[in-house]
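# Structure at a glance
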Amino acid sequence: MAVNPDEDTEFNEILRKHGVLPPKPEAPRTPSPPPPPTLEEKYANYSASQLRELAEEAPDDETERILEVLRRRRLQEARKVEMARFGRVYPISREDYTREVTEASKVNEEGDEQERGTGVVVFLYKDGIPHSDRAKNFINILAQRYPHTKFVSIVGDKCIPNLPDVRLPMLIIYRKGEVLNQLIAWGADRERRVEELEAVLILGGAIIPQVPRPLGEDRDADSDIDDIDEDDASSRMRSASTRTNVPAPKNLRGKKDDDSDSDFEFDL
């Protein structure tokens, strides 16, 4: 009598037990159903206000607690986005200078116990000058990379009358209402890379990597830019200015003259 090894009989089980027949293949396992989504996954795209409404209607205390935690997290995330208040280059006019530069640089970052103020980079440029156009692209990149540093731009002779093109692009670094450094004709000597400008701005005090989140910006101050005219020269900027070809970090920062009330100067 022929034996069908695939039959599920008592005789075949005895044969399998003694190794006459191969073991019966295991039946395919039914895949386990996916676990239900957690509340965090379920409400990942809900706003803080929507989570508050859900928490008010929660069926039990534990669900209400979790929804409240998620709501607070959404508020924190939204606050972080709001407090990273820059992230781009802001065009300004001469009349905006004191408010958007000097006063803005006095605002302290949240949690900054040293009260270092806000780094502000003023970019003076002229379209059509190759190294100025290249630096302008770099400034746009760095403004996005460091949203806690404020970058503003203005056409050179719109800011400083009769500013020679050979001085462009010019970058002026502010913090706590003071000029820290000045770069003149940056990139005119040779083709530069964005990493070089990034390093100069870090060494010059405009950028502090991994700074605490900023608290906010005081935009109520309203004054003019008359104090930055080239005829009202500041001896402070003579020592603080940074020229294009100065590689040593120690030359990026100079001492300030407290008797000066002008924002910056340059030599024609």
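Notes on the structure in this doc start here. Being a predicted model, the structure only gives us computed values, none of them experimental. (Residues numbered from 1 in each chain as written. Predicted model: local features only at pLDDT ≥ 70, side-chain atom pairs only at ≥ 80, totals over all residues. Heavy atoms only, no water.)

## Concerning helix α1 (residues 10-17)
Listed in full, the buried residues belonging to α1 are Asn12, Leu15 and Arg16. Mapping the buried residues of α1 onto a view down its axis gives an arc of 100 degrees, with all of them on the same face. Away from the buried face of α1 by more than 90 degrees, exposed residues Glu10 and Lys17 are located. Looking at the residues trailing α1, positive phi occurs at Gly19, about 80 degrees. (Buried < 20%, exposed > 50% of the residue type's maximum accessible area, 1.4 Å probe, protein only. Helix = DSSP H or I, 4+ residues; strand = E, 2+ residues; numbered from the N terminus. Arc of directions from axis to C-beta.)

## A look at the side chain of Arg99
Position of Arg99 among the secondary structure elements: in helix α5 (residues 97-103). A distance of 3.0 Å separates a polar atom in the side chain of Arg99 from a polar atom in the side chain of Asp96. (Polar contact = N/O pair within 3.5 Å; in protein donor to acceptor, adjacent residues only side chain to side chain.)

## Observations concerning the packing of aromatic side chains
Applying the stated rule across the entire model yields five aromatic pairs. Plain terms: the ring middles of Tyr43 and Tyr46 are 4.8 Å apart, the flat faces sit at 85 degrees to each other, and that makes the pair edge-to-face. Given a relative accessible area of 11%, Tyr43 falls into the buried group. On the basis of relative accessible area, Tyr46 is assigned to the partly exposed category, the value being 33%. Residues Phe123 and Tyr125 carry aromatic rings whose centres are separated by 5.7 Å and whose planes lie at 5 degrees to one another, so their mutual orientation is stacked. According to the relative accessible area criterion, Phe123 is buried, its value standing at 1%. Taking relative accessible area as the criterion, Tyr125 reaches 12% and is therefore assigned buried. (Phe/Tyr/Trp six-rings, centres within 6.5 Å; stacked < 30°, edge-to-face > 60°.)

## With respect to helix α6 (residues 130-145)
For α6, spanning 16 residues, the distance from its first C-alpha to its last is 23 Å, which sits close to the expected 22 Å at 1.5 Å a residue. Next to the buried residues of α6 lie β1 (89-91), β2 (120-125), β3 (150-155), β4 (170-175) and α8 (194-203). (Expected span 1.5 Å × (residues − 1). Contact = heavy atoms within 4.5 Å.)

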